[in-house]
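Reading the structure
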Amino acid sequence: MIGSSPATDISVTSGSHTDTGLRRSVNEDALLADYPVFIVADGMGGHEAGDRAAAAVVEEFRALVGREDLRPEDVAATVERAHAAVSTIAAGTTRGAGSTLTGVVAVRQHDVPHWLVVNVGDSRVYRLLSERLEQLTIDHSVAQEMVDAGQLTREQMATYEGRNVITRAMGGEGSRADFWLLPIVTGERIVVCSDGLTGEITDEALRAGLMMGGSPAQTAHSLVGQALSHGGRDNISTIVLDVVAGGIHPRLEDTTGGFVHSESVTSTIEVATARSSRRRTTHG
């Protein structure tokens, strides 16, 4: 699929694939890959709950498709509507319901096109730029907290027994979203995925798969296939998108080979509902 922005001359090609996996009977993942919105939602709560929660998140974001005038505040407001939609679903179930949310949305900041990266939970966004892979999001999970505390290595996260325990979820009290702004860069390749992918393949395998030269659609299918061949223990969803033209030229942030600067804007985006508490939720 090709997405383009006539107003900004941003040209993006994208491909996506989702699979139930080898051990699940229901696919509780949902995704949306239609310019300017590229998001994945990983639902929690089982059949008629988790799949509905993920679908509700995607449905709220569908209203942004085709928009050329989005601001970060518009995306934040959509996140709040998605929170409310998932909360309504959860209230009507015995098990509760929730969902992760992660992805990128093309917005305008100071009249310049940027990606707004959004994240709630442990689905992830990566960027491949100048042959280097960077995770743009930070997991909201017990495993990530243990890595931060030096109690677990990053390599051990995929096999850690409590890897599915997350600390923020759509529909959960106190589960605010994290936001980052970064320039859109010509030549970058971005991946949005559920933990069904990252729980099965390493970052190095992900990097290798992204660099094989396939189209976004071919690459998305190949990555999901790799996850299935490694066990497919969870639902697997992947979006791959390439910025073909219209972004800034690739440049290093500093002489150490860092990436183009990303700016955390979580604290500056106004949201409709203040959230202060924190709840742990098990998913997958």
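**Here we look at the packing of aromatic side chains**
With the rule as written, the count across this model stands at 2 aromatic pairs. The interplanar angle of 70 degrees and the centroid separation of 6.5 Å between the aromatic rings of tyrosine 35 and phenylalanine 38 together place this pair among those described as edge-to-face. Residue class for tyrosine 35 comes out buried when judged on its relative accessible area of 7%. In this structure phenylalanine 38 comes out as buried when scored by relative accessible area, which is 1%. On the numbers, 6.1 Å between centres and 85 degrees between planes, the contact of phenylalanine 38 with tryptophan 115 is edge-to-face. One end of the pair, phenylalanine 38, is in strand 4 (residues 37–44); the other, tryptophan 115, is in strand 7 (residues 112–120), with 77 residues separating them in the sequence. When its relative accessible area of 0% is taken as the criterion, tryptophan 115 is described as buried. Site record: aromatic cluster; members linked through ring pairs are Tyr35, Phe38 and Trp115.

**What about the nonpolar core?**
Soluble, globular proteins show a tendency: their nonpolar side chains are buried together. Residues Val57, Phe61, Val79, Leu101, Met170 and Phe179 are the most contacted members of the largest nonpolar core, which totals 33 residues. At the level of elements, strand 3 (29–34), strand 4, helix 1 (50–62), helix 2 (72–91), strand 6 (101–109), strand 7 and strand 11 (178–183) are the ones that each hand at least two residues to this core. At 7 residues, helix 2 tops the list of elements feeding residues into this core. Those residues in contact with valine 79 that lie beyond four places of it in its chain are Phe61, Leu101, Val118, Met170, Ala177 and Phe179.

**Structural notes on the pairing of strand 12 (residues 189–193)**
For strand 12, the tally of buried residues reaches 5 of 5 residues, placing the bulk of the element in the interior. Neither face of strand 12 is exposed, since Arg189, Val191 and Cys193 on one face and Ile190 and Val192 on the opposite face are all buried. Here strand 8 (residues 124–129) pairs with strand 12 via 5 bridges, running antiparallel. Each residue of the ladder has a partner; that of leucine 128, found in strand 12, is arginine 189.

**Some points on the packing of helix 1 against helix 2**
Where helix 1 contacts helix 2, the axes come no closer than 9 Å and their chain directions differ by 150 degrees. When the axes of helix 1 and helix 2 are compared, the pair comes out roughly antiparallel. In the crossing of helix 1 with helix 2, the sense of the turn from one axis to the other is right-handed. Mapping the contact onto sequence places Arg52, Ala53, Ala56, Val57, Glu60 and Phe61 in helix 1 and Val75, Thr78, Val79, Arg81, Ala82, Ala85, Val86 and Ile89 in helix 2. When its residues are assigned to classes, the contact of helix 1 with helix 2 shows 10 nonpolar, 1 polar and 3 charged.

**Structural notes on the side chain of serine 194**
When you line up the elements, serine 194 lands in the loop between strand 12 and helix 4 (195–198). Beyond its immediate chain neighbours, meaning those up to four positions away, serine 194 contacts Asp29, Val40, Asp42, Ser123, Asn235, Ile236 and Ser237.

**Considering unusual backbone geometry**
Geometrically, the link from tyrosine 35 to proline 36 is a cis peptide bond, its omega value of 10 degrees lying close to zero. Mapped onto the secondary structure, proline 36 falls in the loop between strand 3 and strand 4. With a phi close to 65 degrees, aspartate 111 is a non-glycine residue in the positive phi region. One non-glycine residue, glutamate 131, lies in positive phi territory at about 70 degrees. The topology assignment puts glutamate 131 in the loop between strand 8 and strand 9 (132–135).

What counts, and at which threshold
- Residues numbered from 1 in each chain as written.
- Predicted model: local features only at pLDDT ≥ 70, side-chain atom pairs only at ≥ 80, totals over all residues.
- Heavy atoms only, no water.
- Phe/Tyr/Trp six-rings, centres within 6.5 Å; stacked < 30°, edge-to-face > 60°.
- Buried < 20%, exposed > 50% of the residue type's maximum accessible area, 1.4 Å probe, protein only.
- Helix = DSSP H or I, 4+ residues; strand = E, 2+ residues; numbered from the N terminus.
- Core = buried A, V, L, I, M, F, W, Y, C linked by side-chain atoms within 4.5 Å.
- Contact = heavy atoms within 4.5 Å.
- Pairing = 2+ DSSP bridges.
- Axes fitted to C-alpha atoms, helices over the stretch in contact; angles between N-to-C directions.
- Parallel < 35°, antiparallel > 145°, perpendicular 65-115°, else oblique.
- Left-handed = near helix turned anticlockwise from the far one by under 90°.
- Nonpolar A, V, L, I, M, F, W, Y, C, P; charged D, E, K, R; others polar.

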